[in-house]
Amino acid sequence: MIADGATLDLEVLLRGERAEVERALERACAWLAEELPDDLFQPARHAVLSGGKRLRPILCVVAHRACGGGTGPAAYDLGAAIELIHAYSLMHDDLPCMDDADLRRGQPTPHTLYGEANTARAGLALIPAASLWALRAATDLGLGATASRAIVIELNRASGAGGMVGGQALDLLGEGQSLDSNQLDRLHGMKTGALLTASLMIGGIAAGATAGTLAGLESFGRGIGLAFQVTDDILDATEVAADLGKHPSDSRLAKSTYVTLYGLNEAAEKARKLVEEATGALRDAQIDAPALIALASYIVEREK
Ligand code: GRG
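Report follows, based on the coordinates. Just so it is clear, the structure is predicted and the values come from calculations on it, not from any experiment. Per chain, residue numbering runs from 1 following the sequence as it is written. Local features in a predicted model are, by the rule used here, given only for residues with pLDDT of at least 70; side-chain atom pairs are given and counted only at 80 or more, and totals for whole chains, interfaces and linings are based on all residues. Side-chain numbers here rest on the full set of heavy atoms in the structure, without hydrogens or water.

## Observations concerning the environment of methionine 91
With respect to the helices, strands and loops of the structure, methionine 91 is situated in helix H4 (residues 73-93). The rule is simple: take the accessible area with a 1.4 Å probe, protein chains only, and divide by the maximum for that residue type; under 20% is buried, over 50% is exposed, in between is partly exposed. Under the relative-accessibility criterion, methionine 91 is labelled buried at 2%. Measuring from C-alpha to C-alpha, the distance between methionine 91 and alanine 47 comes to 6.6 Å, with 44 residues separating the pair along the chain. The residues touching methionine 91, leaving out its near neighbours within four places in the chain, are Pro43, Ala44, Ala47, Pro110, Thr119, Ala122, Gly123 and Leu126. For helices the rule is a DSSP run of H or I covering at least 4 residues; for strands it is a run of E covering at least 2, with both sets numbered from the N terminus onward. Contacts between residues were defined by any pair of non-hydrogen atoms, one from each residue, lying within 4.5 Å.

## Overview of the site of the ligand
Around the ligand sit 18 residues in total, of which Lys53, Arg56, His86, Arg105 and Phe228 are the nearest. In protein, a polar contact requires one atom able to donate a hydrogen and another able to accept it; more generally it is a pair of N or O atoms within 3.5 Å, and residues adjacent in sequence count only if both atoms are side-chain atoms. Here an oxygen atom of the ligand and a side-chain polar atom of histidine 86 are 2.8 Å apart. Within the side chain of arginine 105, an N or O atom sits 2.8 Å from an oxygen atom of the ligand. When residues of the shell around the ligand are traced back to their parent elements, those giving at least two are H4, helix H8 (164-174) and helix H9 (181-206). By convention in these notes, a residue is near a molecule or strand provided one of its non-hydrogen atoms lies within 4 Å of it.

## Some thoughts on the pattern of salt bridges
When a carboxyl oxygen of Asp or Glu is within 4 Å of a side-chain nitrogen of Lys or Arg, the pair counts as a salt bridge. Summed over the entire model, instances satisfying the criterion amount to 15 salt bridges. Of the charged contacts, one joins arginine 222 and glutamate 218 as a salt bridge, the two residues approaching to 3.2 Å between their closest N and O atoms. With arginine 222 and glutamate 218 both in helix H10 (residues 211-238) and four residues apart, this pair spans about one turn of that helix. By relative accessible area, arginine 222 is classed as exposed at 53%. Two residues, glutamate 269 and arginine 272, come together in a salt bridge whose shortest N-O distance is 2.8 Å. Taken as a pair, glutamate 269 and arginine 272 lie in helix H13 (residues 264-284) at a separation of three residues, close to a single helical turn. We classify arginine 272 as partly exposed; its relative accessible area is 41%.

## Thoughts on the state of the cysteines
Our working definition of a disulfide is a cysteine sulfur pair at a distance within 2.5 Å. Throughout the structure, instances matching the rule amount to zero disulfides. Cysteine 29 takes part in no disulfide bond, and the closest cysteine sulfur to it belongs to cysteine 60, at a distance of 17 Å. What makes cysteine 29 buried here is its relative accessible area of 3%. Cysteine 60 takes part in no disulfide bond, and the closest cysteine sulfur, belonging to cysteine 67, lies 10 Å away. For cysteine 60, a relative accessible area of 1% puts it in the buried group.

These figures capture arrangement, not role.
What follows is the structure, encoded as structure tokens:
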């Protein structure tokens, strides 16, 4: 069920959207099973279906709806394409040559079950698969060449060297160093914020949003993207690994975080301000979307 409007209940919204997203991810995995050899499909499937908040596909479908798009399965397939990129990024991030993490989402990481080589290859296979799946969803939504191309460009721009991959590279370079607030904002705007922002933009593009509306979604995405990371750092500093469902913590990895930079209270205040500015950007662009505003609050109030 889809909740929206004045009576919006965040729990109902998340439960309903997550159920639809899981169905879309099952469809994507059924296709991947045909595309990939089994030794790559198994780690890919584990990474894609092992839970998580499903924030990126949810932002995509909620933005799509806010811009006048429909609620059919193809919109969720579009969101699932973004989640394929997210899944690959987590598989690779957890590898022994990167964070060397054995636990994520309360479950063993793919390389601990399926080996490092096949997990690395399966992650790589998900990158082109995401664009192909997005194109299929765009076709099912009845989109023309211009919008389909814009969606694939947005997805690849956000996940590539100017976005997530570039941010990850800055993150690795920054280990053991004290980064200032501009450096942290740039790093996380790329590493985490770019794909969250693209999720909103892709939903908007698919619904035929105007340039002004897309600009509003972009500003909103930048704000909630940083707020998401500040909150992650707060959770990382205050929760035990078992509650978060992941190892290891950023402090063990000697990374600069918003908490090491600002302290807990000031970091929480920064997250709150970012959400306020983000929702202001929606208002300025005259995007009436209570569900997006509720998701922005969820991003800073979540416990995982
Ligand atoms: C080697 C330079 C280089 C790049 C490889 C691995 C990689 C590309 C990029 C990884 C970047 C990364 C780990 C981004 C994810 C950041 C993040 C906030 C993850 C957690 O997202 P949630 O909380 O996760 O939405 P769930 O589990 O809820 O899906």
